[in-house]
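# Descriptive structure summary
The primary structure of each chain is shown beneath.
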Amino acid sequence: MQYTARFRSKKAAPSVIFAWLGWGGLLELTSLNAHSQAIVQTILHNKNSFYYTDMTAYQRPNRAWPVGVFDSGTGGLTVLNAIVQFDKHNNRTGQSGKDGIPDFQTEDFIYLADQANMPYGNYAGVGKTEFLRELILKDAQFLLGNKYYLDQKSEVQTDKKPIKALVIACNTATAYGKEQIEAFLQTVGSPLKVIGVIDAGAKGALQILRPDESASVGVFATAGTVASNGYVNALKRYQQLWKYTGQLQFYSQGGVGLAEAIDQDAAYIDPAANAPRTAYKGPNVNVPDLGIDRTLMELYNFDFGNDKMLCDAKNVDDCSQLQINSADNYVRYHLVSMLEKMRQTPNALPLKALILGCTHYPYMTQTIEKVLTELRDKQRNGAYRYRHLLAEKIHLIDPALNTAQELYDHLHQTQLTNAKGNLANSEFYISVPNLLNTSTKTEQNGTRLTYDFKYGRAEGQIQEDVRVVPFSKQNILPDVAERLRTQIPATFELIRAFGKTSAKTKQLPIQERL
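Bear in mind the structure is a predicted one, so any value in this text is a computation, not a measurement. All chains use their own residue numbering, which begins from 1 and follows the written sequence. Only residues with pLDDT of at least 70 get local features here, since the model is predicted, and only at 80 or more are side-chain atom pairs given and counted; chain-wide, interface and lining totals rely on the full set of residues. Computation of side-chain values covers all heavy atoms of the structure but excludes hydrogens and water.

## Some remarks on empty space enclosed by the protein
In this analysis a 1.4 Å probe is tested at points of a 1 Å grid over the protein atoms alone, and where it fits but cannot get out there is a cavity; an open set with protein on both sides within 12 Å along at least five of seven lines is a pocket; lining residues have an atom within 4 Å of a point. Grid points are joined across faces, edges and corners, and a volume is the space filled by probe spheres set on the points. Throughout the structure, instances matching the rule amount to four cavities of 30 Å³ or more. Put simply, the largest cavity is a space of about 150 Å³. Strands are runs of DSSP state E lasting at least two residues, helices are runs of H or I lasting at least four, and both sets are numbered from the N terminus onward. At the level of secondary structure, the elements contributing two or more residues to the lining of the largest cavity comprise helix H3 (129–144) and strand S21 (466–470). Examining the composition of the lining of the largest cavity, we find that five residues originate from one element, H3, more than from any other. Here the term charged refers only to Asp, Glu, Lys and Arg, the term nonpolar to Ala, Val, Leu, Ile, Met, Phe, Trp, Tyr, Cys and Pro, and the term polar to all other amino acids, Gly among them. For the lining of the largest cavity, the class distribution of residues is eight nonpolar, three polar and six charged. The volume enclosed by the second largest cavity comes to roughly 90 Å³. Along the wall of the second largest cavity there are 16 residues; nearest its centre are Ser 72, Cys 170, Thr 172, Thr 222 and Cys 358. Across the lining of the second largest cavity, the residue classes tally to six nonpolar, nine polar and one charged.

Rendered as structure tokens:
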């Protein structure tokens, strides 16, 4: 039984939900807003829906269950990789100190990449914040539930395990949805822990500074994460909590297109293109807010080889369309843009820490370091343009390590560690367009939602426009698979093991398994 008090305002004002918890009585909840109610009602009550989940088991998590991890794409695998390789403790004694054995060796994980709906960072910019929160609640529901599909057209399967902790390996999802998930779990009386990456990143950045040190901290994240102000708020909170007395400045850069380029989103990159494209949504010349500044071309130092930049003229100076077509060039554009913001700030302090506030960005660590080194030495009119803005050593902060530590502490403090599990039993799922839903609009032979459909949807219209299926060569592009193999080999081997040995991938032809 559930009683809902609705606000009359047309705005998405918070609503008060009273959930009947059986033995627990009525629980008043104010964190879920009005637009979240449709998906919450579906999860809790609509037994005919894919999203329906029996939450009674979650009143007491089981140590034998896996840990759930989700992201808007494959970027969150950098967080999972940090977790599965985490070795800060002796596995026998639990004391601090490496022992050569991963701390989570006897745990298994379930990973979800909501690839079909990514990039999450763009929803806020097109006024779809509430729909984004609905997507995030659906991600949580998948990990909490028991359903998935074998492929885009198969019958639903119901043998997925529940989870004992939930890691949001996505900065945008943490910023916009962590409180929503926690509020939902409160409605069912569940103590399930939800861990996000933003607090972890803020802590990591401040930990490299002395308490009395003055410096700048940069936040390089998706546009949605930047718009949420989640990192800056967290940095200020811990600055006050930890009694830091130095002067700290915070600069944010929304990396529009970078995560998308890493995941080969056709709206931002097309390796097969050799001329500007009408579908392109990234930075361009003469575009407000995302303009490529012609006067900064020598500072961007774009790589034009192999169609990594697309121009509609033979001479770059004559381009009326200049489109970025490589992840490296997106890095160059955004780092120069951030440093130009700092140049325009009176008395800007040197940048000492740069938070990689999107889980995709650690894949670009080497490029980011290379570009920052180049920019340190850039001169104009005989003067260094950015050297005064860059500390001698800039620390790139990957929130994943702090996230791994928080998960380790939680499992041990709540006696939820599993001594009998096995990392090799981890499972990997990804969302793909639902080809059986006639309202779903797709491109590229049904492999991706169209841009207009993706960002034109409204919250509260609960339907399955995507399906969640196991990782395979059908849904992981070759370039992405190669990046995973070379940059996060430990996790890539877990993905391959899932494809080769799991009963959940038995329908896949051998040649389709990663």
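From this point on, the discussion continues.
## So, the state of the cysteines
Two cysteine sulfurs form what is called a disulfide whenever their separation falls within 2.5 Å. Under the counting rule described, the total for this entry stands at one disulfide. For Cys 311, the disulfide goes to Cys 319, at an S-S distance of 1.8 Å. The disulfide joining Cys 311 to Cys 319 has a torsion of about -110° about its S-S bond and is therefore left-handed. The same class applies to Cys 311 as to Cys 319, namely buried. Only protein chains enter the calculation, and the probe is 1.4 Å; a residue is then buried if its accessible area is under 20% of its type maximum, exposed if over 50%, and partly exposed in between.

## A look at the sheet that holds strand S9 (residues 193–196)
Sheet architecture is open: six strands sit in the order S9-S8-S4-S5-S18-S21, paired in mixed fashion. Each edge of the open sheet carries a strand with a single partner, namely S9 and S21. Across the sheet, the mean angle separating the axes of adjacent strands is 20° when strand polarity is ignored. In the sheet, strand S18 (residues 427–433) pairs with S21 via five bridges, with the strands oriented antiparallel. Residue pairing for S21: Ser 431 is matched across the bridge by Val 468. We call two residues contacting when some pair of their heavy atoms lies within 4.5 Å. Here an axis means a line fitted to C-alpha atoms, over the contact stretch when the element is a helix, while the angle between two N-to-C directions is reported on a 0 to 180 degree scale. The sheet strands contacting helix H2 (residues 77–84) are strand S4 (67–71), strand S5 (109–113), strand S8 (165–168) and S18, and the helix crosses S5 at an angle near 165°. Two strands pair if DSSP finds at least two bridges between them.

Taken by themselves, the reported measurements are silent on function.
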